[in-house]
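Structural overview for review
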Amino acid sequence: MKKRLLFNFTAVLCVLLVVAAGNVFPLGNTLEALENGLSKCRTYDDYEKYAEEIKEKMAEDPAAVDIGVLYYIIAKIRVEQLALLAKKNDVESVRLYMKVENIYYNQALTYLEDASRVATSKEFNLDILFLKFLICKEKFAAGKEGILFNEIADKIAAFSDSHAANKRELDRISGKFEEKGLSDYALMLKVLYARKALRPAGIEIAEEMKQRAEDSFGKGDFKKADAFYRHYFDIAGDNFDKDATAKSIAEVADKYFNKKEYGLALKYYRKYLDAYPDFEVGPDYCAYRVGQCLYFSKNYPDAIAQFNRFLHDYPGSKWFDGGFEHLSRLYYENPQRQKAIKDLEALIDTYEARAISQLAEFLIGFLYYDGAEYHRALEKFKGIRDDYPDSIYGYATETLINDIKNIDKGNPPAFRPSRDKIYHRWDPYMPIDGEIIAQVQVAAESTVKPGTRINFVLEEVKDFDKCEVYLYDAEDRSRFPRKMDDEIKEDLFTVTWSSKGGSFVDEKQGLKKVWQAPDEPGMCEISVRIDDLALIRPPDEGLKNDPEPLDLTVAIIVKE
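All values reported here derive from a predicted model rather than from experimental measurement.

Now for the overall build of the protein chain. Counting secondary structure elements, the protein chain contains 20 helices and eleven strands. For the protein chain, with 560 residues in total, the buried portion stands at 46%. Long-range contacts, defined as pairs at least 24 residues apart, comprise 64% of the intrachain contacts of the protein chain with a sequence gap of at least 6. For the protein chain, the accessible area works out to roughly 28,700 Å², and carbon and sulfur atoms hold 50% of it.

What follows is the structure, encoded as structure tokens:
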């Protein structure tokens, strides 16, 4: 082995000896040739012999070559030699590693200090710093490691007056980190450089990070995308205006939210709130989304606290009703019925002037119904019918009022969820079905005269939820529930009519509606939305799996 290595090194040295004739050989080729010899080392002894040969040649004629490169290559030999031992699991290698680790690392650092004193090439200086960084990282010298990392970024930022040259050097050193499996450091180096460099460089690197984030997101690697997004926003704050950065943060949060990656979405909504709490538009939306993320992640205590803060801080928000609904649902889903009623009543008292409070009224009524307190439930439902004639809960309210009348006649409740020994697992939810029928003679072109009244009726509306029925021991919940049956059961739903053109003759929301055509000719649309109330299920199921609402529309042309 020594003979082969001596031949290689001698071949390199023969080329380098042109220095003696007064010609300076390019440093890059010197280093490349020596590293080529290093790449042929396979064993611990190979490295030892290569290091000894270099030392011998240095002793013979130290002025014949670039001494800094030789210092550097010996240091690199020691680093790679130790890396080779660290990969082996045999007892002899472990024992040898423990014996020479400190000696060789300290020796390598000494050689690198010697190389730094004589080095004139900026590229070479960066290579020396990189190798020092690797040694400090292996020696767990965190403080020194951070100083060296920062120095690397400083030297790249001051490498030349050319941004293109600096960027090439940044990519070269980042590649070295990548080769060593230190991808996080490669990214951090670019972020640190972007902060130290002039604005155009920062923008370019920021856009690179954003593109890599979006590529990873598109491939479904959401965590990797998060790492790139994080670096992007670290740079963006120094290179883009606040409005643009705020908008980007909200967009990324929405992307994660739409993919149901609620933990990552939560992080970016909170990032927005921390950075831009005083923006005129945006904080209320992000605060609302924070509550949703907590809710869909089933972090109910924090979700309740967040929605309460949201309602208090943003009473004029366009998402207020959504926040109120989520909070009402959270209170309703508390297994302790009396506590649920008390919390809903407090919510109504706080925001009694809001039309959305009818939802809380309805849920209280249903909790009474669920607890077989039918007369108290009836009182609530009649109050909703009288106080909110246009309520979207009108049809469900009338359905329950009629059911209570049937209960008074001795019939069992049609909608009571099981909260005793029978457990219903509602999964998956089934879509709502139905169609709008116009009970009027119209021409083939669906035209009517101005002022014409049309009776619309919903027929075959079905909202069936499929469930598995289990029996569990109420005294010992640790016992595994026993499956009894599969059921399909009808649930309550809401009905909401709307029109573009014309008007309805009353405000009541139900299966039937009377619409009057406008006095002016034109195209009109009559629409109805049927939505699942999703009340016939046990607590702790959330809204996460609810089906999409059913939207039905018919078009009418008004002509003279």
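Our focus in this paragraph is the sheet that holds strand β7 (residues 493-500). The strand order across the open sheet formed by four strands is β3-β11-β10-β7, and the pairing between neighbours is mixed. Each edge of the open sheet carries a strand with a single partner, namely β3 (447-448) and β7. Direction of pairing for β3 relative to strand β11 (residues 550-558): parallel, over a ladder of two bridges. When the bridges of β11 are listed, V448 appears paired with V558.

For K260, which is not a glycine, the phi torsion comes out positive at approximately 65°. Within the secondary structure, K260 sits in the loop between α12 (242-258) and α13 (262-275). What makes K260 partly exposed here is its relative accessible area of 49%. In this structure, A372 takes a positive phi of about 65° despite not being glycine. When you line up the elements, A372 lands in the loop between α18 (357-370) and α19 (374-387).

The next subject is the confidence of the model for the protein chain. Mean pLDDT for the protein chain: 82, with 81% of residues reaching 70 or above. Contacts of residues 1-27 to residues separated by more than four positions or lying in other chains number 40 contacts, the stretch itself having pLDDT below 50. Predicted confidence is poor over residues 426-430, with pLDDT under 50, and the contacts of this stretch with residues over four places away or in other chains come to 23 contacts.

Here S162 shows up in the loop between α7 (142-157) and α8 (163-179). From its side chain, S162 meets the backbone nitrogen of A164 in a polar contact 3.4 Å long. In this structure the side chain of S162 is engaged in a polar contact, spanning 3.2 Å, whose partner is the backbone nitrogen of A165.

To continue, consider the layout of surface pockets. Space inside the second largest pocket adds up to approximately 370 Å³. Looking at the lining of the second largest pocket, the elements that each hand over two or more residues are α4 (67-87), α5 (91-118) and α6 (122-138). If one sorts the elements of the lining of the second largest pocket by residue count, α4 sits on top with seven residues. Along the lines of polarity and charge, the residues of the lining of the second largest pocket split into eleven nonpolar, no polar and five charged.

To continue, consider the nonpolar core. Note on soluble globular proteins: their nonpolar side chains tend to be buried together. Within the largest apolar cluster, 142 residues are counted, with the highest numbers of intra-cluster contacts made by F177, Y256 and F362. Per-element tally for this core: the top contributor is α4, with twelve residues. Every residue in contact with F362, bar those within four places of it in the chain, is listed here: F381, I384, Y393, A396, T397, L400, L492, L533 and L535.

Here we come to the side chain of T399. With respect to the helices and strands, the residue T399 is situated in helix α20 (residues 394-408). Leave out the neighbours within four places in its chain, and T399 touches F415 and L492.

The geometry of helix α3 (residues 44-60) relative to α4 is characterised by a closest axis approach of 10 Å and an angle of 165° between their N-to-C directions. In terms of orientation, α3 and α4 fall into the roughly antiparallel class. In this structure, α3 meets α4 at a crossing whose hand is left-handed. Mapping the contact onto sequence places Y44, Y47, E48, Y50, A51, I54, K55 and M58 in α3 and I67, L70, Y71, I73, I74, I77, R78, E80, Q81, L84 and L85 in α4.

Using the criterion set out here, one finds 22 salt bridges in the structure. Across the salt bridge formed by D127 and K176, the nearest N and O atoms sit 3.8 Å from each other. With D127 in helix α6 and K176 in helix α8, the pair connects residues that are 49 residues apart, well separated along the chain. For D551, the salt bridge identified is with R529, shortest N-O distance 2.7 Å.

About the criteria used
Residues numbered from 1 in each chain as written. Predicted model: local features only at pLDDT ≥ 70, side-chain atom pairs only at ≥ 80, totals over all residues. Heavy atoms only, no water. Helix = DSSP H or I, 4+ residues; strand = E, 2+ residues; numbered from the N terminus. Buried < 20%, exposed > 50% of the residue type's maximum accessible area, 1.4 Å probe, protein only. Contact = heavy atoms within 4.5 Å. Areas by Shrake-Rupley, 256 points an atom, 1.4 Å probe, with all protein chains shown as cover. Pairing = 2+ DSSP bridges. pLDDT = per-residue confidence, 0-100. Polar contact = N/O pair within 3.5 Å; in protein donor to acceptor, adjacent residues only side chain to side chain. 1 Å grid on protein atoms, 1.4 Å probe; cavity = no way out; pocket = protein on both sides within 12 Å on 5 of 7 lines; lining within 4 Å. Points joined across faces, edges and corners; volume = space filled by probe spheres on them. Nonpolar A, V, L, I, M, F, W, Y, C, P; charged D, E, K, R; others polar. Core = buried A, V, L, I, M, F, W, Y, C linked by side-chain atoms within 4.5 Å. Axes fitted to C-alpha atoms, helices over the stretch in contact; angles between N-to-C directions. Parallel < 35°, antiparallel > 145°, perpendicular 65-115°, else oblique. Left-handed = near helix turned anticlockwise from the far one by under 90°. Salt bridge = Lys/Arg side-chain N within 4 Å of Asp/Glu carboxyl O.

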